[in-house]
Protein chains: 2
Amino acid sequence: MDNETLEFDLETLVQEGHLDTIRERFEQLHPADIAAMINELEAREGWTALALLELAEQAEVFGYLDHDFQVELATVAPRAKLARIVVEMNADERADLYNELSDEQREALMPGLVQAEREDIRRLAAYEEGTAGAIMTSDYATLPPDLTATQALTKLRREAPDKETIYRAYVVDEDRKLIGSVRLQDLITAPARAKVGGIMETNTLAVAVSDDQEDVARKIARYDILALPVVDADGRIVGIVTHDDALDVIEEETTDDFHRVGTVTNLASSVGEATILMLYRARIVWLVLLVFGNIFSGAGIAYFEDTIAAHLALMFFLPMLIASGGNAGSQAATLMVRALATGDVEFRDWGYLLLRELAVALALGLTMAFAVSFLGFWRGDASLAATVSLSMVLIVVVGSLIGMSLPFALARFNLDPATASAPLVTSIADVVGVMIYFSIATSFLSLPS
Amino acid sequence: MDNETLEFDLETLVQEGHLDTIRERFEQLHPADIAAMINELEAREGWTALALLELAEQAEVFGYLDHDFQVELATVAPRAKLARIVVEMNADERADLYNELSDEQREALMPGLVQAEREDIRRLAAYEEGTAGAIMTSDYATLPPDLTATQALTKLRREAPDKETIYRAYVVDEDRKLIGSVRLQDLITAPARAKVGGIMETNTLAVAVSDDQEDVARKIARYDILALPVVDADGRIVGIVTHDDALDVIEEETTDDFHRVGTVTNLASSVGEATILMLYRARIVWLVLLVFGNIFSGAGIAYFEDTIAAHLALMFFLPMLIASGGNAGSQAATLMVRALATGDVEFRDWGYLLLRELAVALALGLTMAFAVSFLGFWRGDASLAATVSLSMVLIVVVGSLIGMSLPFALARFNLDPATASAPLVTSIADVVGVMIYFSIATSFLSLPS
């Protein structure tokens, strides 16, 4: 992304009409990099730059553009030229584009396409967002089992330029039911007359169209595969999900998790592109909820007003004690949220993990209690040191166990474990911390009668 | 991962010697799933189960096992059999294994391998962890430019069973310098007599052996490619990094970021497998640092003891005010940490993002101030309400700007932006919150003279 000079150049070059220079520059670049530069332009200038490329590359670059910018370009581009680009695009990318277009734009675009393509787009665009159907592509190759290796290669050779990936072809029976798959390299190394049905692998993994996109992506990652076929309820192949789309899904879901543990919810765009209103909406809900959550901490303090009034030195330790419970709890919650997301730990591990957390938290709490006991002596006396140290151990242990358990509890009720954000854990740990600290203080320290 | 019944079965089946049953079960399963089940066994039982597979599958399953378990198996497995598995393993996976073995184990293993394999393992194992060299494999195919398409296919056909991926072959000159690459499907569709040098793509992306593994992985993700060739200082090809390794790197780095944002550092194993001591070590450092960070909040409160003694009602609002600054700041930090990691925003965007954050934070602060002003009236009077509301706005704005800027400031000094954890931001925001709140209170509320 360090194309700073080039980006600046592109805008000026377009404005001043140095189109040949742009063409030369573009030849040196990967379509993804060209797209990154065009993304920064105004729509009309972007179209001028895009139009300089050959059709195949136009389609590839177009597929890499931000969705918002694609829609803007669709508005300024001449209908016929846009239709030609759409014909060339990958089947999954153009279905995504279709979903972003307005009704008017769709009506302007569709007549430029042949019947089969219109149907392909409508079919792919119809699958619900977040499912395998919504991320799959129809650019895959199929083979009947009774072809020979040579015949199969001829068929693939004929179809190759159209297909996103022919590294693996899917073997289907006369009803298009998936019965196996064969790698291109196995076809090449097989005896010329060997039948596809004899070479193919029969235990081909497949997913259903309605499967969750994250499960599909995790399967591709787990089995180190290039593409996973998608079948309908009758076992007929309807598409494939490719490794690059799986990576995008994993990145997207990870970003969502990341935001959720930071109490940012449902941000409707990338952070870089988000508007003030989008960010406000994504952040205000949890902030206000947490304010009211913190009323309980305030109420706890108010409840112990007599103890505080008698021993104002207690206030010095309040922030560090309640923060420690929240911090230890946040650590425990973070570890569990990510481990649950990657499948590193599972729901049934809760019991063992809780015991392990108890041991870890005790060790952490004792270390921290030791550290603060000196501060207790310094600001007061032995009974203050004892109050502060004992509170620290209890607060860290209770905070950790809450933080560790919350993601599991949320998962148990089919909520997202990542809702167990650091701020939520901290707020709960704060209330608990206030109660533990002042309860111990009230019973350890003498009150004026 | 829902192989609960199967896993239980496997242990019992191994112990009771039902080896034929295990063989049948294994036939239904993907190597990754078999590995997940073997991982749960004792080393000796694991070896018994692994030995039931055919050699090629043994090697594949072995590659999916946890590194710790691989080393345990290497201890119990007969030398000769282990050597045969190592010969069959992917070049990058066996180099990783070599790095995990003790000197004794290495000495026991190496004589079982032929010279070329020993050298390949030592060469790959020598690259520094975290670099392209450390994750690359030597299982790739090369072609000279002067072969015809037919000759090239014959060569690849001969080499195919050995190579991890021959979807793309790399074209090298007589010094092994990378001059281009060619897709298998392009060789198949090319005229039989066309020269490789004429069909190949010349603008093949490549990375250097010393490049950071995360940069390499992000490049593979950005350009949607299957593998990226790795070249030495003279431009000679020395390996390739494949898409599945890129995905593993991205997952690993994301987990690190996730943990770092939760103040968990350098966890030496997966969360599920970590020992109590590992977890203690990964968590204690930041917890103790933050305790001392919170001394400043305590000192701030102690400094305003007179104000507090005169208006104990102020304490009720303390938790919610300082927590709000920390929460808004954590949100801002989380958004920036992730956006910087994925390349969504860059260092040069700081200025614009700061202005946007100011606007968002003002809107958030005003909303929250409005909410708490009622509480101010309820617990006190108009001057308390004014104190609390004004403090809320200022604390949220300052907390947000700190949270948003900290990841950039860390990146500026070449530190990891993810060090801007929610607890760190909260601790800083707490101190600032205490100072803002009590300063405003001291000037707004009357003190007994």
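Cut-offs used in this document
Residues numbered from 1 in each chain as written. Chains lettered and ligands numbered in written order. Predicted model: local features only at pLDDT ≥ 70, side-chain atom pairs only at ≥ 80, totals over all residues. Helix = DSSP H or I, 4+ residues; strand = E, 2+ residues; numbered from the N terminus. Contact = placed C-beta atoms within 7 Å. Nonpolar A, V, L, I, M, F, W, Y, C, P; charged D, E, K, R; others polar. Least-squares fit on C-alpha atoms with pLDDT ≥ 70 in both. Buried ≥ 20, exposed ≤ 12 C-beta atoms within 10 Å, placed from the backbone. Core = buried A, V, L, I, M, F, W, Y, C linked by C-beta atoms within 7 Å. Domains from an automatic or database assignment. Pairing = 2+ DSSP bridges. Right-handed = clockwise from strand over helix to strand, strands pointing away. Axes fitted to C-alpha atoms, helices over the stretch in contact; angles between N-to-C directions. Parallel < 35°, antiparallel > 145°, perpendicular 65-115°, else oblique. Left-handed = near helix turned anticlockwise from the far one by under 90°. Expected span 1.5 Å × (residues − 1). Bend = angle between axes of the 7 residues up to and from the residue. pLDDT = per-residue confidence, 0-100.

(A) Highlighting the overall build of chain A. A count of helical and extended segments in chain A gives 22 helices and six strands. For the C-alpha atoms alone, the extent of chain A along its principal axes is close to 95 × 60 × 35 Å. Excluding contacts between residues fewer than 6 apart, the proportion of contacts in chain A whose partners are at least 24 apart in sequence is 71%.

(B) How the structure looks around the interface of chain A and chain B. At the junction of the two partners, chain A supplies 86 residues and chain B supplies 87 residues. Examining the composition of the side of chain A that touches chain B, we find that 17 residues originate from one element, helix α19 (residues 314–342) of chain A, more than from any other. In terms of residue class, the side of chain A that touches chain B is built from 49 nonpolar, 24 polar and 13 charged.

(C) Main features of the relation of the copies chain A and chain B. If you rotate chain A by 180° and push it 0.0 Å along the axis, it lands on chain B with an RMSD of 0.2 Å. Both copies are brought into coincidence by an operation consistent with a two-fold rotation axis. Interface overlap between copies: 100% of the residues of chain A at the interface are likewise at the interface in chain B, consistent with a symmetric, same-surface contact.

(D) View of the environment of A134 of chain B. Residue and element names in this part refer to chain B. By secondary structure assignment, the location of A134 is in helix α11 (residues 132–135). The sequence separation of A134 and A359 amounts to 225 residues, and the corresponding C-alpha distance is 45 Å. Every residue in contact with A134, bar those within four places of it in the chain, is listed here: Y127, E128, E129 and Q213.

(E) Seen up close, helix α15 (residues 213–222) of chain B. Counting buried positions along α15 of chain B yields seven of ten residues, so the element is predominantly enclosed. Buried residues along α15 of chain B sit against α16 (243–261) of chain A together with α11, β4 (207–208), β5 (227–231), β6 (237–242) and α16 (243–261) of chain B. Once α15 of chain B finishes, D224 of chain B follows within two positions and takes phi at roughly 50°, a positive value.

(F) Seen up close, the environment of R283 of chain B. In this structure, R283 of chain B sits in helix α17 (residues 276–303). Looking at R283 of chain B, the number of C-beta atoms within 10 Å reads 26, which means it is buried.

(G) View of the nonpolar core. Counting 131 residues, the largest nonpolar core has A333, M336 and V425 of chain A together with A333, M336 and V425 of chain B as the members making the most contacts within it. Those residues in contact with M336 of chain A that sit more than four places away from it in its chain are V345, M404, P407, F408 and P417 of chain A. A132, I135, I166 and V230 of chain A belong to the second largest nonpolar core, which has 96 residues in total.

(H) Fine view of the domain arrangement of chain A. In terms of domain boundaries, chain A breaks down into domain 1 (4–126), domain 2 (142–242) and domain 3 (276–444). Once you take the C-alpha centre of each, domain 1 of chain A and domain 3 of chain A turn out to be 51 Å apart.

(I) Region of the structure containing the pairing of β6 of chain B. Residue and element names in this part refer to chain B. With six of six residues buried, β6 is to be regarded as a mostly interior element. Of the strand pairs in this sheet, β5 and β6 are connected by five bridges, and their pairing is antiparallel. When the bridges of β6 are listed, P229 appears paired with I240. Linkage of β5 to β6, two consecutive antiparallel strands, is achieved through a turn of five residues, within which G235 is found at a positive phi near 80°.

(J) Structural detail: the pairing of β5 of chain B. All names here are of chain B. Of all five residues making up β5, five are buried, and the element is well covered by its neighbours. Side chains A227, P229 and V231 of β5 all project onto a buried face; the interleaved residues L228 and V230 project onto the opposite face, where all are buried too. Pairing between β4 and β5: two bridges, direction parallel. Bridging from a neighbouring strand, V207 pairs with V230 of β5. Following the chain from β4 across α15 to the adjacent parallel β5, one finds a crossover that is right-handed.

(K) Quick peek at the packing of helix α20 (residues 350–379) of chain B against helix α21 (residues 382–412) of chain B. Residue and element names in this part refer to chain B. With their axes 7 Å apart at the nearest point, α20 and α21 run at an angle of 155° to one another. Here α20 lies roughly antiparallel to α21, going by the angle between them. Here α20 runs over α21; the crossing is right-handed. Across the contact of α20 with α21, the residue classes tally to 22 nonpolar, six polar and two charged.

(L) Spotlight on the packing of α19 of chain A against helix α22 (residues 422–444) of chain B. Axis separation between α19 of chain A and α22 of chain B bottoms out at 10 Å; the angle between their running directions is 165°. When the axis of α19 of chain A is compared with that of α22 of chain B, the two are roughly antiparallel. Considering how the two elements wind past one another, α19 of chain A and α22 of chain B form a crossing that is right-handed. Between α19 of chain A and α22 of chain B, the residues in contact are P319, A323, N327 and S330 of chain A and A422, P423, S427 and D430 of chain B, respectively. A per-class count over the contact of α19 of chain A with α22 of chain B returns four nonpolar, three polar and one charged.

(M) Main features of the sheet that holds strand β2 (residues 168–172) of chain A. Residues and elements named next belong to chain A. One open sheet accounts for three strands, arranged β1-β2-β3; its pairing is mixed. The outermost strands of the open sheet, each flanked by one partner alone, are β1 (142–143) and β3 (178–183). Pairing of β2 with β3, which is carried by five bridges, proceeds in the antiparallel orientation. By the bridge assignment for β3, V172 is matched with L178.

(N) Representation of α17 of chain B in the model. Over its 28 residues, α17 of chain B extends 40 Å from the first C-alpha to the last, a length consistent with the 40 Å expected when each residue adds 1.5 Å. At I284 of chain B, α17 of chain B shows its maximal bend, which comes to roughly 35°.

(O) Structural context of the sheet that holds β4 of chain B. Residues and elements named next belong to chain B. Taken in spatial order, the three strands of this open sheet run β4-β5-β6, and their pairing is mixed. This sheet does not close on itself; its edge strands, each paired only once, are β4 and β6. Packed on one face of the sheet, α15 meets β4, β5 and β6 and runs near 140° to β5. Of the strands in this sheet, β5 and β6 are in contact with α16, which crosses β6 at around 65°.

(P) Quick peek at the confidence of the model for chain A. All names here are of chain A. Of all residues in chain A, 96% attain a pLDDT of 70 or more, and the chain-wide mean is 87. Strand β4 (residues 207–208) holds the highest mean pLDDT among the elements of chain A, 94, whereas helix α1 (residues 4–16) holds the lowest, 71. A low-confidence stretch, residues 1–5 (pLDDT under 50), is modelled with six contacts involving residues beyond four sequence positions or located in other chains. Both scores are available for the predicted complex, with the pTM at 0.81 and the ipTM at 0.79.

(Q) Main features of unusual backbone geometry. Positioned with a positive phi, R176 of chain A is a non-glycine residue whose angle comes to about 65°. When you line up the elements, R176 of chain A lands in the loop between β2 and β3.

(R) Just the environment of R176 of chain B, in detail. All names here are of chain B. You can call R176 partly exposed: it has 15 C-beta atoms within 10 Å. Separated by 58 residues in the primary sequence, R176 and D234 have C-alpha atoms spaced 9.6 Å apart. Non-local contacts of R176, meaning those with residues more than four positions away in its chain, are made with R236 and I237.

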